[in-house]
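# Close look at the chain arrangement
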Amino acid sequence: MDITERAVEYVRKLFNTDAGGHDVSHTMRVYENAMLISEKEPGGDNEIIALAALLHDADDPKLFNTGGNANARAFLKEQGVPPEKAEKIIGVINSVSFSRNKGKRPETQEGRIVQDADRLDAMGAVGIARTFAYGGAHGRPLESSVRHFHEKLLLLKDALNTEIAKKIADSRHAFLVSFLRELEAEAPDLSP
Ligand code: NI
């Protein structure tokens, strides 16, 4: 088993109870998106991309009380990843988050790829499913999830870094827009 496979095993255990849209299937889609983007737009270190994608939510404050990327760091240390490489992976993870990096683009190719991979999973049908799952898990009313589309998800299309992600995002964005149009027609009171 190589380190990527061990990271898959690690996150499977870590996320086994989440019902709020940050489950292991999200992590696996981000990993697969990242590998696809990297294949089309090379220039990043694939092992760093793979491990950062797999560990990108391992210390998400919405899910865990760990500070300073403690889960990701502990895994990398236990696997014997050299400190310099581990720091690069942590740097990529910390450049991905939407809320923490307000419009700032990642400085590395690895960061740009993993960020796009994560953002693609917040769009399209899967983005819709995850938004309502998150709202439900946090006891929020539907209006609050609908507001999230307008405040964040509709903006993602123009915040992507790579050409291939922009291409994949086109139909996902169009699907979000048509979903919101239909929702507004059926239930005007839910829309802002
Ligand atoms: Ni994520």
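Residues numbered from 1 in each chain as written. Predicted model: local features only at pLDDT ≥ 70, side-chain atom pairs only at ≥ 80, totals over all residues. Heavy atoms only, no water.

## Describing the pattern of salt bridges
Evaluation of the coordinates by the stated rule reveals seven salt bridges. A salt bridge links Lys166 to Glu163, with the shortest nitrogen-to-oxygen separation between them at 3.2 Å. With a gap of three residues between them, Lys166 and Glu163 both fall in helix 9 (residues 163-186), about one helical turn apart. Look at Lys166 and you get partly exposed, because its relative accessible area is 31%. One salt-bridge network, in which partners are shared between bridges, spans Arg29, Asp121 and Arg130. (Salt bridge = Lys/Arg side-chain N within 4 Å of Asp/Glu carboxyl O. Helix = DSSP H or I, 4+ residues; strand = E, 2+ residues; numbered from the N terminus. Buried < 20%, exposed > 50% of the residue type's maximum accessible area, 1.4 Å probe, protein only.)

## Side note on the coordination of the nickel ion
Coordination of the nickel ion by the protein involves His26 (NE2), His56 (NE2), Asp57 (OD) and Asp118 (OD), with metal-donor separations of 2.1 to 2.5 Å. Of note is the nickel ion, whose four donor atoms meet at the metal with angles of 83 to 165° in an arrangement that counts as irregular. Counting along the primary sequence, the residues that act as donors to the nickel ion give the motif H-x29-H-D-x60-D. A relative accessible area of 6% places Asp57 in the buried class. (Donors = N, O, S within 2.8 Å, 3.2 Å for Na, K, Ca; no water. Tetrahedral: all angles 85-135°; square planar, octahedral: opposite > 155°, others 65-115°.)

## Observations regarding the layout of surface pockets
Roughly 200 Å³ of internal volume is contained in the second largest pocket. If you go around the second largest pocket, you meet 12 residues; those closest to its centre are Gly91, Val92, Ser95, Glu107 and Thr108. By residue number, the principal contributor to the lining of the second largest pocket is helix 5 (residues 83-94), which donates three residues. Here the residues of the lining of the second largest pocket are counted per class, giving three nonpolar, four polar and five charged. (1 Å grid on protein atoms, 1.4 Å probe; cavity = no way out; pocket = protein on both sides within 12 Å on 5 of 7 lines; lining within 4 Å. Points joined across faces, edges and corners; volume = space filled by probe spheres on them. Nonpolar A, V, L, I, M, F, W, Y, C, P; charged D, E, K, R; others polar.)

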